[in-house]
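Structure assessment
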Amino acid sequence: MVRQGLERHVVGRTIGSAQVLHPRAVRRHAAGPADFSAALSGLTVTGARRRGKYLWLPVAASAPSPAEDALLAHLGMSGQLLLGDPGRPLSPHVRVRFTFTDSGPDLRFTDQRTFGHLAFAAGGAALPPMIAHIAPDPLEPGFDEAAVIGRLRSRRTSIKSALLDQSLISGVGNIYADEALWRARLHWATPAASLSRAAAARLLAAVREVLGEALAAGGTSFDSLYVNVNGESGYFGRSLAVYGREGEPCPRCGTPIRRDPFMNRSAYSCPACQPRPRRARRHDHQDRST
Ligand SMILES: [Zn+2]
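Here is what the cut-offs are and how they apply
Residues numbered from 1 in each chain as written. Predicted model: local features only at pLDDT ≥ 70, side-chain atom pairs only at ≥ 80, totals over all residues. Heavy atoms only, no water. Phe/Tyr/Trp six-rings, centres within 6.5 Å; stacked < 30°, edge-to-face > 60°. Helix = DSSP H or I, 4+ residues; strand = E, 2+ residues; numbered from the N terminus. Buried < 20%, exposed > 50% of the residue type's maximum accessible area, 1.4 Å probe, protein only. Lys NZ or Arg CZ within 6 Å of the ring centre and 35° of its normal. Donors = N, O, S within 2.8 Å, 3.2 Å for Na, K, Ca; no water. Tetrahedral: all angles 85-135°; square planar, octahedral: opposite > 155°, others 65-115°.

Attention now goes to the packing of aromatic side chains. In this description, a pair of aromatic rings is defined by centroid distance and the angle of the planes. The final tally for this structure, using the stated rule, is three aromatic pairs. The interplanar angle of 65° and the centroid separation of 5.1 Å between the aromatic rings of Tyr243 and Tyr268 together place this pair among those described as edge-to-face. On the criterion of sequence distance, the pair formed by Tyr243 in the loop between α6 (197-216) and β10 (258-262) and Tyr268 in strand β11 (residues 265-269) is long-range, its members being 25 residues apart. Assessed through its relative accessible area of 12%, Tyr268 is described here as buried. Above the plane of the ring of Phe100 lies Arg13, whose end atom (NZ or CZ) is 4.2 Å from the centre. Note that Lys160 overlies the ring of Phe262, its terminal NZ or CZ placed 4.6 Å from the centroid.

Before going further, it helps to examine the coordination of the zinc ion. Taken together, Cys250 (SG), Cys253 (SG), Cys270 (SG) and Cys273 (SG) make up the protein donors of the zinc ion, found 2.2 to 2.3 Å from the metal. Every donor counted, the four donor atoms about the zinc ion form angles of 99 to 115° at the centre, which fits tetrahedral coordination. Mapped onto the polypeptide sequence, the residues donating to the zinc ion form the spacing pattern C-x2-C-x16-C-x2-C.

This is how it looks when you write it as structure tokens:
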């Protein structure tokens, strides 16, 4: 996993240089590439944190002083942060290269499609201001389960739409939503407002399980990156119960998995384990119109 790898290999090290090889990679850093490089050189990385699709490395002026600022990364669809021998050849997709004062492994931000970006977040060690609006994900220490259950049950959409709403819970995409709903034995079109508190808690527990297993299997906590750049689904693909398995037997009861159209995508479910709720149709239409 990206965050843990960074924590293990980058924390405690001092950035020697930050070389911007492609200005687009720092386009959100308003003061420009030269300012980005100057701001980070000489700072020591003190941690590696994540929220939704963002990662950030709190940085301090010197080791004993507390981190105030941060290096923020959004990996986009194809971005990667790779550590390796500083002498290895520079691939054409490397956008930013960080060297460290210890001359150990360097850190390279590679991004084939340049959708990702890096920024220097002044004062952003605890939480970069530009991502403060993003909801915590269920594996983050700051995740307030009771509050999220309350907000989930006040939504006027289907539970699947609510799960995908990044302002409510971050990190859940189409794949993980379908897998979590299957585990919680809930149909995707169930109106969020009709969930009991216990069912909502069961669903969040299932979400946490699915995200945790994906991380443990070396995947990411967010499934847009779960399919790698070659278009192959990762290790976790082998353990998917419903997603992408239309017509195949449900691992729990053997009933063929069903695929329904869902907001220009698909929703996979087991018709036996996840019976469609009555009166759900009206909510489908609401979802499509939003
Ligand atoms: Zn089933």
